[in-house]
Amino acid sequence: MVEIRLTNTKTRRKEGFTPLDPSNVRLYLCGPTVYDRAHLGNARPVLVFDVLVGLLRHVYGADQVTYVRNFTDVDDKINAEAQRRKGLGSPLSLEDLISERTEETIGWYHADMDALGAARPDFEPRATQYIPQMITMIETLIARGNAYAKAGHVLFRVRSFDDYGKLSGRSVDDMIAGARVEVAPFKEDPMDFVLWKPSDDDLPGWDSPWGRGRPGWHIECSAMSAELLGDSFDIHGGGIDLQFPHHENEVAQSCCAHPHAGFANVWLHNEMLQVEGKKMSKSLGNFFTVRDLLDQGVPGEVIRFVMLSTHYRKPMDWTDVKRAEAEAVLRRWRGLTAGIEPAATPAPAVIAALADDLNTAGAIAALHELAGQGDGAGLLAGARMLGLLTDDLGGWAEAGDEAGALIEALLAARTDARKARDFARADAIRDGFATAGVEVKDTVAGAEWSLATGFDLARLKALVAEVGS
RNA sequence: GGUGGGUUGGCGGAGAGGUUACGCACCGGAUUGCAAAUCCGUGAAGACCGGUUCGAUUCCGGUACCCACCUCCA
């Protein structure tokens, strides 16, 4: 069996992966807070996990893997958006406005991630569906002395967990020395964090032993992972920015509530995304969503390729040069594999690269070599391990019937012109193709064509009118 | 201030203590009516300073620069 090696944030080392139960390998990925369109950075962990889950299913069996990714639908940003709509005069109740907002955002999220070829997880739990489990867990933490209720809040007692800070490599004292912690009068210690907080009448809330309120951010993942995957499971992931405080707090909650379980065995964190060398931010004006890119005509498959061409533990720089290069490579590979069935088994080099801490860039290099050897079947099987060259993602590279017919007619006209040694006419057609975004390759077997970036059907029609056919 | 990560050829981007990464671009050749595409081939690297070693871009230490997190941002 292939040995999978993963860099575990918990140990800061690359380790061989051994599932707790090979017949049910369990993963949890922190999903989005559903208040707005997913930005490009949101797509990175989704794609990393998509490849990881694919690899695990390849190694352990398609039905032997359980993948959970949550939706955070309790959040002040969602509340703020609902209140804004209410302020604009919406007749709906605040509760309905919140529900409307989260439903619409989840719909967008699904559509956008589908467009990148990311398979849906086995479970997509929502925080609002697990409030009772969260309350139970909080009660356990209070009973065990790890949490305390005060002023309508419930706080986690950080000093009660010796390993607090271990995952992110910090000490409580150092963090307090940094003096950037929120000091609240009801906290025993400045680092204590909220498990439950009170809600005003104009905010969503649930009845609890501590009054009407809502959960803090971190408790949902502890409660939902325990419910769906058990107190111990294999892999937990997310962006590196979640390492602290979110994941540190999850560890504290889960390990204290289930002291005999290990919570997540392996922690995987992906580095952040940059745009043209700079951090993506609204203030720099380089902030965009997955949908923005799709609407600009960047195919989902191209986004996926660019994302996977950098190792997940390194910052990924989105640039237009990479976009163009990815597009060209995918066009070439699609041409090479057209009408070919994938090999029965993915090439060992591709699997070996992925098994080595998800080295997707290395896997792509292996695909280049297969392409160079003209091994279309091997290329196709390998690419599909990365979720590339699938039928679902291929629409962008195909011409419609109308365009295809026009191109065939023009190619025939060009062949005739060349036979008649009317090179001026032949060259005019050739140049016209280039202008319209059609790439023509003359081979010994005849002319082959494919669409290039910036294909323009209108220009193609103009070309027909110009030179006749 | 604390913590973690990074610095590879023109560009992107991996691995490995000693043998070509790979892709794009470039250059030479083949091919072509001229091109494009394709094929063959050449060249080009590891921030800086030390150390370990027969040998380091790869390990260790330091310096510089960059980035991220410490703020319910993936």
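Residues numbered from 1 in each chain as written. Chains lettered and ligands numbered in written order. Predicted model: local features only at pLDDT ≥ 70, side-chain atom pairs only at ≥ 80, totals over all residues. Heavy atoms only, no water.

With that settled, consider the protein's contact with RNA strand B. The local shell around RNA strand B holds 44 residues, among which Lys-77, Lys-197, Trp-217, Gly-239 and Leu-242 are the closest. One nitrogen or oxygen atom from the side chain of Asn-42 is found 3.3 Å from a phosphate oxygen belonging to RNA strand B. A distance of 3.0 Å separates a phosphate oxygen of RNA strand B from a polar atom in the side chain of Lys-322. The leading source of residues in the surface near RNA strand B is helix H12 (residues 360–372), at four residues. Residue composition of the surface near RNA strand B, by class: 10 nonpolar, 14 polar and 20 charged. (Near = heavy atom within 4 Å. Polar contact = N/O pair within 3.5 Å; in protein donor to acceptor, adjacent residues only side chain to side chain. Helix = DSSP H or I, 4+ residues; strand = E, 2+ residues; numbered from the N terminus. Nonpolar A, V, L, I, M, F, W, Y, C, P; charged D, E, K, R; others polar.)

As a further point, take the domain arrangement of chain A. Domain parsing of chain A yields domain 1 (5–270), domain 2 (274–397) and domain 3 (400–467). A C-alpha centroid distance of 29 Å is found between domain 1 and domain 2. In this assembly, 30 residues from domain 1 lie in contact with 33 residues from domain 2. Together domain 1 and domain 2 conceal approximately 2600 Å² of surface at their shared face, both sides included; 68% is due to carbon and sulfur atoms. In terms of surface lost to domain 2, no three residues of domain 1 exceed Leu-40, Arg-44 and Val-51, which account for 28% of the buried area on that side. At the surface where domain 1 touches domain 2, the tally comes to three salt bridges. For Arg-304, the salt bridge goes to Asp-50, with nearest N and O atoms at 2.8 Å. There are 12 residue pairs in polar contact (both at pLDDT 80 or more) connecting domain 1 and domain 2. When residues of the side of domain 1 that touches domain 2 are assigned to their parent elements, the largest contribution, 12 residues, is made by helix H1 (residues 40–60). (Domains from an automatic or database assignment. Contact = heavy atoms within 4.5 Å. Buried area = accessible area lost by both parts, 1.4 Å probe. Salt bridge = Lys/Arg side-chain N within 4 Å of Asp/Glu carboxyl O.)

Once that is clear, we can look at the sheet that holds strand E5 (residues 147–150). Strand order across the open sheet formed by four strands is E5-E6-E7-E8, with antiparallel pairing between neighbours. In the strand order of this sheet, the two ends are held by E5 and strand E8 (213–215), each with one partner. Put simply, the sheet's adjacent strands are angled 20° from each other on average, direction ignored. Note that E5 and strand E6 (residues 153–156) share four bridges and pair antiparallel. (Pairing = 2+ DSSP bridges. Axes fitted to C-alpha atoms, helices over the stretch in contact; angles between N-to-C directions.)

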